[in-house]
Amino acid sequence: MTALTSALPLAITMGDPAGIGPEIILKSFIQQPEWMKNCVVVGDIAVMRQHAQLLGLSLEFKSIESTAQAHTVQAAIPVLQTGPTAHIELGLVSAVAGRMAADAVIWAAQAALRGEVAGVVTAPLHKKALSLAGIPHPGHTELLQSLAAEHLGLSENELPVRMMLTSPGLSTVLVSIHVSLRQAIDAVTQAQVLQTLQITHRSWQQLHGHSPRMVVAGLNPHAGEDGLFGLEEINEIAPAIAQAQQMGMTVSGPYPPDTVFMDAHSASGQSTTDVVIAMYHDQGLIPVKYLGLEHGVNQTLGLPFVRTSPDHGTAFDIAGRGLANPSSLLAAIKVARGERLNQRLS
């Protein structure tokens, strides 16, 4: 996985067609046309036209058959059709919409694995719709991991991935992702924490050209208070940190999880920390999302290609109403192009 330096196009999947994915894509083309010049929408051209019409946007679309044609499209949004079109009811969870969203992701990922696109930016999909469509993965991260592992001839265990969420001034990587809280606690092992540190260290070097300064959150209140409130810090987390330090990584902790994010966050970009390692999904995502959903970016570490996405969901309640903010998608495009997210987009 490397930062984008290629002239290849960036693939943007449309997300769940019943949600705000198509809307934020259209608004991105309008608000930042220079950023979108070498981007191709992967999904359904009829859906994109449906959303444009609902929003009263006068936009031209051009159907293309390969990403190589993207740069030839002038004064129109290039769309690569990934499956049969269908009538979609906005704001409703459905297997049809889930299938269309999944088809776009699968096509874009396979194109990235073939070297036909420089990276993939995914608009939001709906996990229930994905399940109704028969996709045996709870979300983008697990689906992309499965596709990449299959392409490389590996098992999913042999291609571990991690989720990194970034808002201006704060990045956090999760030890576990979409599992129950009980499973997340069980996942706090020395091996899992060390693997998270290794993936983060390697990916950050590839993306930014230098080793990250990492701090690790504890699992328990007060980071266990020397074993008074739990032993995970002593038995699992601290040994993983020590092992990572012996490998040459810049990492410290475990620190109390209720203060580590405040200490790491810097709106000016002058923090002495690059990444906080969080023990589970909500521990890491609450502080990032509190800083502003409209500016957050989700990035999958460990894949053999660049993948980013907005840090928000499908927002079915406002789909087609013109209220969706494209800032997080634009931030995801910025990160996919290899730029640091140090300040909010205007």
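Note that the structure is a prediction, hence the values are computed from the model and not measured. Each chain carries its own residue numbering, running from 1 in the written order of its sequence. In keeping with the predicted nature of the model, local features appear solely for residues at pLDDT of at least 70, side-chain atom pairs appear and are counted solely at 80 or more, and the whole-chain, interface and lining totals rest on all residues. Think of the side-chain values as coming from all heavy atoms in the structure, minus any hydrogens and water.

A. Representation of the pairing of strand 11 (residues 297-301) in the model. With a 1.4 Å probe rolled over the protein chains alone, any residue whose accessible area is under 20% of its type maximum counts as buried; one over 50% counts as exposed, and the rest are partly exposed. A run of H or I in DSSP counts as a helix once it spans at least four residues, and a run of E counts as a strand once it spans at least two, with each numbered from the N terminus. Most of strand 11 sits out of view: 5 of its 5 residues are buried. Residues V297, Q299 and L301 point to one face of strand 11 and N298 and T300 to the other, with burial holding for every one of them. By the bridge criterion, 5 bridges tie strand 6 (residues 162-167) to strand 11 in an arrangement that is antiparallel. Bridge pairing in strand 11 places T166 opposite V297. Criterion used throughout: strands pair if DSSP finds at least two bridges between them. Inspection of the sheet shows strand 11 paired to strand 12 (residues 306-310) by 3 bridges, in the antiparallel sense. Counted as the bridge partner of N298 is S309 from strand 12. A loop of 4 residues connects strand 11 with strand 12, the two strands running antiparallel in sequence, and G302 in this loop sits at a positive phi of about 105°.

B. Region of the structure containing the confidence of the model for the chain. Looking at the chain, the pLDDT average stands at 91 and 94% of residues meet or exceed 70. The pLDDT score gives, residue by residue, the confidence of the prediction method on a 0 to 100 scale. Should any heavy atoms of two residues lie within 4.5 Å, those residues are considered in contact. For residues 1-5, every residue scores under 50 in pLDDT, and the model assigns this stretch 22 contacts once sequence neighbours within four places are set aside.

C. Representation of the sheet that holds strand 7 (residues 170-174) within the structure. Strand order in the open sheet formed by 12 strands is 3-4-2-1-5-12-11-6-7-10-8-9, with mixed pairing between adjacent strands. Of all strands in the sheet, those bounded by a partner on one side alone are strand 3 (61-64) and strand 9 (250-255). When the angles between neighbouring strand axes are averaged without regard to direction, this sheet yields 25°. Of the strand pairs in this sheet, strand 8 (residues 213-217) and strand 9 are connected by 4 bridges, and their pairing is parallel. What sits directly across from R213, in strand 9, is T250. Each axis is a line fitted through C-alpha atoms, and for a helix only the stretch in contact is used; angles between axes span 0 to 180 degrees, taken between their N-to-C directions. Contacts from helix 1 (residues 21-31) reach strand 1 (10-13), strand 2 (39-43), strand 3, strand 4 (77-81) and strand 12 within the one sheet, and its direction differs from that of strand 2 by about 165°. In this fold helix 8 (residues 232-246) packs onto strand 8 and strand 9, with an angle of close to 165° to the strand it touches most, strand 9.

D. Looking closely at the environment of A223. When you line up the elements, A223 lands in the loop between strand 8 and helix 8. Discounting chain neighbours no more than four positions away, the residues touching A223 are G218, E233, P254, Y255, P256 and P257.

E. How the structure looks around the nonpolar core. For the purposes of this section, nonpolar cores are sets of buried Ala, Val, Leu, Ile, Met, Phe, Trp, Tyr and Cys residues that join through side-chain atoms within 4.5 Å. Judged by nonpolar contacts, the single largest core of 38 residues is most densely connected at I25, M48, F61 and V121. Secondary-structure elements contributing two or more residues to this core are strand 1, helix 1, strand 2, helix 2 (45-54), strand 4, helix 3 (95-113) and helix 11 (327-336). With residues up to four places along the chain from it excluded, the contact list for V121 reads L10, A11, I12, T13, T308, L329, A332, I333 and A336. Counting 33 residues, the second largest nonpolar core, distinct from the first, contains A102, L113, V117 and L159.

F. Region of the structure containing the pairing of strand 5 (residues 119-122). With burial as the criterion, each face of strand 5 is covered, one bearing G119 and V121 and the other bearing V120 and T122. Pairing of strand 1 with strand 5, which is carried by 4 bridges, proceeds in the parallel orientation. Across the sheet, residue A11 finds its bridge partner in strand 5, namely V120. Taken together, the 3 bridges between strand 5 and strand 12 define a ladder with parallel strand orientation. Pairing of V120 across the sheet is with R307, part of strand 12.

G. Structural context of the environment of H295. When you line up the elements, H295 lands in the loop between helix 10 (281-290) and strand 11. The exposure class assigned to H295 is buried, which follows from its relative accessible area of 8%. When the C-alpha positions of H295 and L228 are compared, they lie 38 Å apart, and in sequence the two are 67 residues distant.

H. View of the side chain of N220. Take N220: it is sitting in the loop between strand 8 and helix 8. Residue N220 is classed as buried on the basis of its relative accessible area of 13%.

I. Expanded view of helix 11. In terms of burial, helix 11 is largely enclosed, as 10 of its 10 residues are buried. Next to the buried residues of helix 11 lie strand 1, helix 1, strand 5, strand 11 and strand 12. Backbone geometry just after helix 11 places G338 at a positive phi near 90°.

J. Summary view of unusual backbone geometry. Following G253, the chain continues to P254 via a peptide bond in cis, the omega torsion being 0°. Take P254: it is sitting in strand 9. With a phi angle near 50°, E225 is a residue other than glycine that sits in the positive phi range. Taking relative accessible area as the criterion, E225 reaches 36% and is therefore assigned partly exposed.

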